[in-house]
Amino acid sequence: MATGRTHRPATRSRGIPEATVARLPLYLRALTALSERSVPTVSSEELAAAAGVNSAKLRKDFSYLGSYGTRGVGYDVEYLVYQISRELGLTQDWPVVIVGIGNLGAALANYGGFASRGFRVAALIDADPAMAGKPVAGLPVRHTDELEAIISDNGVSIGVIATPAGAAQQVCDRLVNAGVTSILNFAPTVLTVPDGVDVRKVDLSIELQILAFHEQRKAGEEAESSASAASAAAVATPPPVARTAMGSGNGKGPDGDVPAVMPA
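Residues numbered from 1 in each chain as written. Predicted model: local features only at pLDDT ≥ 70, side-chain atom pairs only at ≥ 80, totals over all residues. Heavy atoms only, no water.

### Considerations on the overall build of the chain
- Counting secondary structure elements, the chain contains eight helices and nine strands.
- For the chain, the proportion of its 264 residues judged to be buried stands at 34%.
- Long-range pairs, those at least 24 residues apart, make up 57% of the contacts in the chain between residues at least 6 apart in sequence.
- Approximately 15,900 Å² of the chain is accessible, and the part contributed by carbon and sulfur atoms is 57%. (Helix = DSSP H or I, 4+ residues; strand = E, 2+ residues; numbered from the N terminus. Buried < 20%, exposed > 50% of the residue type's maximum accessible area, 1.4 Å probe, protein only. Contact = heavy atoms within 4.5 Å. Areas by Shrake-Rupley, 256 points an atom, 1.4 Å probe, with all protein chains shown as cover.)

### Regarding helix H7 (residues 165-177)
- Look at H7: 19 Å from first C-alpha to last across 13 residues, which is about the 18 Å you get at 1.5 Å a residue.
- Those residues of H7 lying buried are Ala168, Val171, Cys172, Leu175 and Val176. The arc enclosing the buried residues of H7, seen along the axis, measures out at 130°, which places them on a common side. Of the exposed residues in H7, the ones pointing more than 90 degrees away from its buried face are Gly166, Gln170 and Asn177. (Expected span 1.5 Å × (residues − 1). Arc of directions from axis to C-beta.)

### Notes on the side chain of histidine 143
- Relative to the elements of secondary structure, histidine 143 occurs in strand E6 (residues 139-143).
- The class for histidine 143 is buried, based on a relative accessible area of 18%.
- Here alanine 127 takes part through its backbone oxygen, which lies 3.1 Å from a polar atom of the side chain of histidine 143. (Polar contact = N/O pair within 3.5 Å; in protein donor to acceptor, adjacent residues only side chain to side chain.)

### Here we look at the packing of helix H1 (residues 18-36) against helix H3 (residues 55-65)
- At a minimum axis separation of 11 Å, H1 and H3 run at an interaxial angle of 105°. Compared by their axis directions, H1 and H3 come out roughly perpendicular. Of the residues in H3, those in contact with Thr20, Arg23, Leu24 and Tyr27 of H1 are Lys57, Leu58, Asp61, Phe62, Tyr64 and Leu65.
- Here the contact of H1 with H3 is built from residues that sort into six nonpolar, one polar and three charged. (Axes fitted to C-alpha atoms, helices over the stretch in contact; angles between N-to-C directions. Parallel < 35°, antiparallel > 145°, perpendicular 65-115°, else oblique. Nonpolar A, V, L, I, M, F, W, Y, C, P; charged D, E, K, R; others polar.)

### Re the confidence of the model for the chain
- Taken residue by residue, the chain gives an average pLDDT of 85. The fraction at 70 or more is 84%.
- The low-confidence segment residues 1-13 (pLDDT under 50) makes 36 contacts with residues lying over four places distant or belonging to another chain.
- Note on residues 258-264: pLDDT under 50 across the span, and eight contacts to partners over four residues away in sequence or across chains. (pLDDT = per-residue confidence, 0-100.)

### Concerning the pattern of salt bridges
- All told, the structure shown has seven salt bridges when counted by the stated rule.
- Measuring nitrogen to oxygen at the nearest pair gives 2.8 Å for the salt bridge that ties arginine 174 to glutamate 148. In this pair, arginine 174 is assigned in helix H7 and glutamate 148 in helix H6 (residues 147-154), connecting sequence segments 26 residues apart.
- In this structure arginine 174 comes out as partly exposed when scored by relative accessible area, which is 25%. (Salt bridge = Lys/Arg side-chain N within 4 Å of Asp/Glu carboxyl O.)

### Concerning the packing of aromatic side chains
- This structure, assessed with the given rule, holds three aromatic pairs.
- Centre to centre, the rings of phenylalanine 62 and tyrosine 75 are 5.1 Å apart; their planes meet at 85°, and the pair counts as edge-to-face. Of this pair, phenylalanine 62 sits in helix H3 while tyrosine 75 is found in strand E2 (residues 75-76), placing the two residues 13 residues apart along the sequence. Note on accessibility: phenylalanine 62 and tyrosine 75 belong to one class, buried.
- Judged by centre distance (5.0 Å) and plane angle (90°), the rings of tyrosine 111 and phenylalanine 114 are edge-to-face. (Phe/Tyr/Trp six-rings, centres within 6.5 Å; stacked < 30°, edge-to-face > 60°.)

### Overview of H6
- Those residues of H6 that sit buried are Leu147, Ile150 and Ile151. Each buried residue of H6 sits inside an arc of 95° when the element is viewed along its axis, so together they form one side. Turned more than 90 degrees off the buried face of H6, the exposed positions are Ser152 and Asp153.
- Check the buried side of H6 and you find it contacts strand E3 (94-99), strand E4 (119-126), E6 and H7.

### Points about the environment of tyrosine 64
- Looking at where tyrosine 64 falls in the secondary structure, it is placed in helix H3.
- With 48 residues separating them in the primary sequence, tyrosine 64 and isoleucine 16 have C-alpha atoms 6.2 Å apart.

### Examining the sheet that holds strand E7 (residues 158-161)
- Here seven strands make up an open sheet; going across it, the order is E5-E6-E4-E3-E7-E8-E9 and the pairing mixed. Strands with a single pairing partner mark the edges of an open sheet, and in this sheet they are strand E5 (135-136) and strand E9 (198-201).
- Two strands pair when backbone bridges link them, and E4 and E6 are joined in this way by three bridges, in the parallel orientation. Looking across to E6, one finds that aspartate 126 is bridged to histidine 143.
- Sheet strands touched by H6: E3, E4 and E6. Its angle to E4, the strand with the most contacts, is close to 165°.
- Across the sheet, H7 touches E3, E7 and strand E8 (182-185), and the angle it forms with E7 is around 170°. (Pairing = 2+ DSSP bridges.)

Listed below in structure tokens is the structure:
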């Protein structure tokens, strides 16, 4: 069985930009959905819309893979699924360990999408002795004392950290020292790693804060638009004309006898 320790993706050596690599999983997700619906081909415009990018960027990304599609036909869905999966290293088995089996760690362990995307959860690890041996997602939780042995026995190169922030760096150091070279970090802290170790950070609070920024901006734009509309309406409506002696209609002045201004 192939493991992550000896087989690594060739994306960097082939000169594919990191921005393109980051979009490949988006294309793969859209293509997988098309494949499940037995759609044989897809145009760049349709696939770009499904992946949330523009079609010109998609065609440029696919050019790095050597895929240019067929004019008037589009891209072969099954071939692209295979090609992107191979480029991402998903045509092999990647054993993964999850460290920190609290609510988040348990939810990750129960996620059913790992196996279908080339990942196998090799072990669940937690520092709480009371958790040891308890089954989560069909696997017994192992104590952190076994971490190094688990990584060695399973050829693990990818670790997931779902611990509290205070424990994350120590867990990271142990993973790296044991041979893990890629880490997915869910702990709300920045990890320090040596060269050659890749870290991807997932911080839900930061994502929510970014959404809050956009909501606040939209609310401000709506308020400004409403204020501008109200101002425009006020300018368009002429003020009422005050009644004067000249406009009283009886031809008399302010004293009721003669006009204030006599005609020439």
